[in-house]
Amino acid sequence: MSIVKDISRLVRVSAQALLTLSLFTSVSLAQEIDKTKPYEMMKSVSESTFARLKAEKEQIRQQPDILKEVVEQELMPYVNYRYAALKVLGPNLKKAKKEDIPAFIEAFHQYLVTSYAQVLTLYSDQTIEFAPEKPIPAGKRIASIKLDVIDAPRPNIKLEFKLRKDKKSGEWKAFDMVAEGISLLSSKQSEWNGKIRKDGIPAVSEELQRLASQPIRFEGEQK
């Protein structure tokens, strides 16, 4: 499978998982989401997102770009896209011009928004099963939440979300997702590393902005 297909599959699975978590939670939508509790946070976020998609179904069908707003407002506050972007840059960060970094981070942010928004058009009631919650040792800043995506009659998909704890606030945010052993961040590094070395960070930022600006389309409406 090519890197592009790997990434498409990873993003699709992660969006499915975030949405289907709603089937397993009883947290009130009116309750503020506690970012200091990663398991509860993921369940609450998915419930809120799923409820909004259901409530705005007709408007979204008529104006698919509303999905970008949904992702930005419901999902991205719980994604550490800045940390993820810097991880994607990896060794290239040392040689980068300081003025190029903020633009890359924002371009990566917008790219994720569009990628997840497009994937949400494919959601079709998959369900998930969590691995038992494990206590996170005091002082540990990286944690994983493992689960299986149930998409019968297809085989289950093993998924793992990587989260990072902010040292000052104590809040957790997702920064990577591993599906069947394939890391989203590692894949992005492999995909863009050569282009960054050859053309520079600004060129990749421009490409990400171009991809992020593409309109959202439902299946069968793609051109």
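Rules and cut-offs
Residues numbered from 1 in each chain as written. Predicted model: local features only at pLDDT ≥ 70, side-chain atom pairs only at ≥ 80, totals over all residues. Heavy atoms only, no water. Helix = DSSP H or I, 4+ residues; strand = E, 2+ residues; numbered from the N terminus. Buried < 20%, exposed > 50% of the residue type's maximum accessible area, 1.4 Å probe, protein only. Contact = heavy atoms within 4.5 Å. Areas by Shrake-Rupley, 256 points an atom, 1.4 Å probe, with all protein chains shown as cover. Pairing = 2+ DSSP bridges. Salt bridge = Lys/Arg side-chain N within 4 Å of Asp/Glu carboxyl O. pLDDT = per-residue confidence, 0-100.

Visitor: Talk me through the overall build of the chain; I want residue IDs and the actual numbers.
Guide: Each helix and strand counted, the chain has 9 helices and 5 strands in total. Going from N to C terminus, the chain has its helices and strands arranged as α-α-α-α-α-α-α-β-β-β-β-β-α-α. Taking all 223 residues of the chain together, 45% fall into the buried category. Of all intrachain contacts in the chain linking residues separated by at least 6 positions in sequence, the fraction that spans at least 24 positions is 64%. Surface exposure of the chain reaches about 12500 Å², of which carbon and sulfur atoms provide 50%.

Visitor: Explain the sheet that holds strand β2 (residues 142–150) to me, using residue names and the numbers behind them.
Guide: Read across the sheet, 5 strands follow the order β1-β2-β3-β4-β5 without closing on themselves; strand pairing throughout is antiparallel. Whereas interior strands pair on both sides, the edge strands pair on one side only; in this sheet they are β1 (127–130) and β5 (182–183). In this structure, strand β3 (residues 157–165) lies alongside strand β4 (residues 172–179), joined through 7 bridges in antiparallel fashion. Bridged to Phe161 within β4 is Met177.

Visitor: Any chance you could break down the pattern of salt bridges for me, citing the residues and the numbers?
Guide: The final tally for this structure, using the stated rule, is 7 salt bridges. The salt bridge involving Lys158 is made with Asp148; its shortest N-O contact spans 3.7 Å. Of the two residues, Lys158 is situated in strand β3 and Asp148 in strand β2; the sequence distance between them amounts to 10 residues. A relative accessible area of 52% means that Lys158 is categorised as exposed. When salt bridges with common partners are traced through the structure, they connect Arg52, Glu56 and Glu74 into a single cluster.

Visitor: Just give me the short version of the environment of Leu208, but keep the residues and values in it.
Guide: Inspection of the secondary structure assignment puts Leu208 in helix α9 (residues 201–212). The exposure class of Leu208 is buried, given its relative accessible area of 1%. Sequence spacing of Leu208 and His109 is 99 residues, and the spatial spacing of their C-alpha atoms is 9.1 Å. Ignoring sequence-local partners within four residues, the contact set of Leu208 consists of Phe104, Ala107, Phe108, Tyr111 and Trp192.

Visitor: Help me get a handle on the pairing of β2, residues and values and all.
Guide: Pairing of β1 with β2, which is carried by 4 bridges, proceeds in the antiparallel orientation. Paired with Glu129 across the bridge in β2 is Asp148. In this sheet, β3 lies alongside β2 in antiparallel orientation, the contact comprising 8 bridges. Pairing of Asp148 across the sheet is with Lys158, part of β3.

Visitor: Pulling in residues and values, what's your account of the confidence of the model for the chain?
Guide: Fine structural detail should not be taken from predicted coordinates in areas where pLDDT scores are low. Looking at the chain, pLDDT values average 82 and 82% of them are 70 or higher. No element of the chain has a lower mean pLDDT than helix α1 (residues 3–20), at 53, and none a higher one than α9, at 95. Taken as a whole, residues 20–30 scores under 50 in pLDDT and shows 26 contacts with residues more than four places along the chain or in a different chain.

Visitor: Quick rundown of the side chain of Ser205? Include the residues and the values.
Guide: Among the structural elements, Ser205 can be located in helix α9. Judged by its relative accessible area of 7%, Ser205 is buried. In contact with Ser205, other than residues within four places in its own chain, are Ala103, Phe104 and Ala107.

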